[in-house]
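Summary of the model geometry
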Amino acid sequence: MAQAGPNNQASNLSFERVRGVNNIIITYNVAHAVINLEADSSRFERILAALRSLANSDIPIFLLKLHSSALTLAMDGVDADRAQKALEASGFKIDLRADLAVVAVQADSMRDLSGVMVQIADALFAAGARLFETGDSHNSVQALIEGIKVESAVQSLLKTFALEASAVCSSQAAAQ
């Protein structure tokens, strides 16, 4: 027998968090740099020198990754030439790729979504979008892909997560 009481009045309220992917944010005009560090005893000094070179040139960076013999990072595409000149002037070999985009898949509670990384990677693979870099936060997974693959990547992600086109918004890299 159901118990009557004050809690029954609140049965229409929900404190459940929204689950699932709810937004896709595209950031256009992104460049990606691979900075050769030469794996040796001066690796950490070379990392600091590369970062100082960019900081002294007022070049904001994101998606920074440390590798055994390289440093990879992303930046606004308009800063790519200045970054390359600054790094080369500091003695670094750099491979730079422009015309990329960051596709950020957002969910209010990303950590509660089992298998979401695989779903994102599978959707991007199905769209023919090569992953240059990835990142994540408490509410998003970011993928750096070729700018020319954005439309097919977005369509694949919308289908994968059963989202409407209105879930997509875009910006330029400088707005990050």
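Residues numbered from 1 in each chain as written. Predicted model: local features only at pLDDT ≥ 70, side-chain atom pairs only at ≥ 80, totals over all residues. Heavy atoms only, no water.

**Side note on the overall build of the protein chain**
As a reminder of what qualifies: What counts as a helix is a DSSP run of H or I of at least four residues, what counts as a strand is a run of E of at least two, and both are numbered from the N terminus. For the exposure calls, accessible area comes from a 1.4 Å probe over protein chains only, and a residue counts as buried if that area is under 20% of its type's maximum, exposed if over 50%, partly exposed in between. The contact rule is simple, with two residues in contact once any of their heavy atoms fall within 4.5 Å. Computed by Shrake-Rupley with a 1.4 Å probe, the accessible areas treat only the displayed protein chains as cover when residues are assessed.
The helix and strand tally for the protein chain stands at 4 helices and 7 strands. When burial is assessed residue by residue, the protein chain has 40% of its 176 residues classed as buried. For the protein chain, restricting intrachain contacts to residue pairs at least 6 apart in sequence, the fraction spanning at least 24 positions comes to 75%. Accessible area for the protein chain stands at about 10400 Å²; split by element, carbon and sulfur atoms hold 51% of it.

**Brief notes about the pairing of strand 2 (residues 62–66)**
Counted only if it meets this: Following DSSP output, two strands are said to pair if at least two bridges run between them.
Where strand 2 meets strand 3 (residues 70–76), 3 bridges bridge the pair, whose relative direction is antiparallel. Bridge pairing in strand 3 places Phe62 opposite Ala74. The hairpin turn running from strand 2 into strand 3, its antiparallel successor, is 3 residues long.

**Notes on helix 4 (residues 150–160)**
Residues Val150, Ala153, Val154, Ser156, Leu157 and Leu158 constitute the buried set of helix 4. Looking at the residues trailing helix 4, positive phi occurs at Ala162, about 50°.

**A word on unusual backbone geometry**
Even without a glycine there, the phi angle at Leu63 is positive, about 55°. Mapping Leu63 onto the fold places it in strand 2. Positioned with a positive phi, Ala162 is a non-glycine residue whose angle comes to about 50°. One can find Ala162 in the loop between helix 4 and strand 7 (168–172). A relative accessible area of 69% places Ala162 in the exposed class.

**Things to note about the pattern of salt bridges**
Threshold: The working definition used for a salt bridge is a side-chain nitrogen of Lys or Arg within 4 Å of a carboxyl oxygen of Asp or Glu.
Taken as a whole and judged by the stated rule, the model has 2 salt bridges. Where Arg82 meets Asp79, a salt bridge forms, and the shortest distance between an N and an O atom there is 2.9 Å.

**Quick notes on a nonpolar patch on the surface**
What counts is decided by this rule: Patch definition: residues above 30% relative accessible area lacking any salt bridge, with like charges linked at up to 9 Å and the nonpolar side chains Val, Leu, Ile, Met, Phe, Trp and Tyr linked at up to 5 Å.
A cluster of nonpolar side chains, contributed by Ile61, Leu64 and Leu66, occupies part of the molecular surface with about 240 Å² of accessible area. When you line up the elements, Leu66 lands in strand 2.

**Section: the packing of helix 1 (residues 43–56) against helix 2 (residues 80–89)**
Put simply, the rule is: Interaxial angle, 0 to 180 degrees, is taken between N-to-C directions of lines fitted to C-alpha atoms, where a helix line uses only the stretch in contact. For classification purposes, angles smaller than 35 degrees are called roughly parallel, those larger than 145 roughly antiparallel, those between 65 and 115 roughly perpendicular, and all remaining angles oblique. Less than a right angle of anticlockwise turn of the near helix away from the far helix marks a crossing as left-handed, whereas a clockwise turn marks it as right-handed. Nonpolar residues are Ala, Val, Leu, Ile, Met, Phe, Trp, Tyr, Cys and Pro. Charged residues are Asp, Glu, Lys and Arg, and all others, Gly as well, are polar.
Running from N to C, helix 1 and helix 2 cross one another at 135°; their axes reach a closest spacing of 9 Å. One way to sum up the angle between helix 1 and helix 2 is to call them oblique. Considering only the axes of helix 1 and helix 2, their crossing is right-handed. Facing helix 1, whose interface residues are Ala50, Ser53 and Leu54, helix 2 presents Ala83, Ala86 and Leu87. Classifying every residue of the contact of helix 1 with helix 2 gives 5 nonpolar, 1 polar and no charged.

**What about the nonpolar core?**
Spelled out, the test is: Within this scheme, the nonpolar core is defined by two criteria: the residues are buried Ala, Val, Leu, Ile, Met, Phe, Trp, Tyr or Cys, and they are joined through side-chain atoms within 4.5 Å.
Counting 25 residues, the largest nonpolar core has Ile120, Leu124, Ile145, Leu157 and Phe161 as the members making the most contacts within it. Broken down by element, this core gets its largest block of residues, 5 residues, from helix 4. Membership of the second largest hydrophobic core comes to 16 residues, among which are Ala33, Leu37, Ile59 and Phe92.

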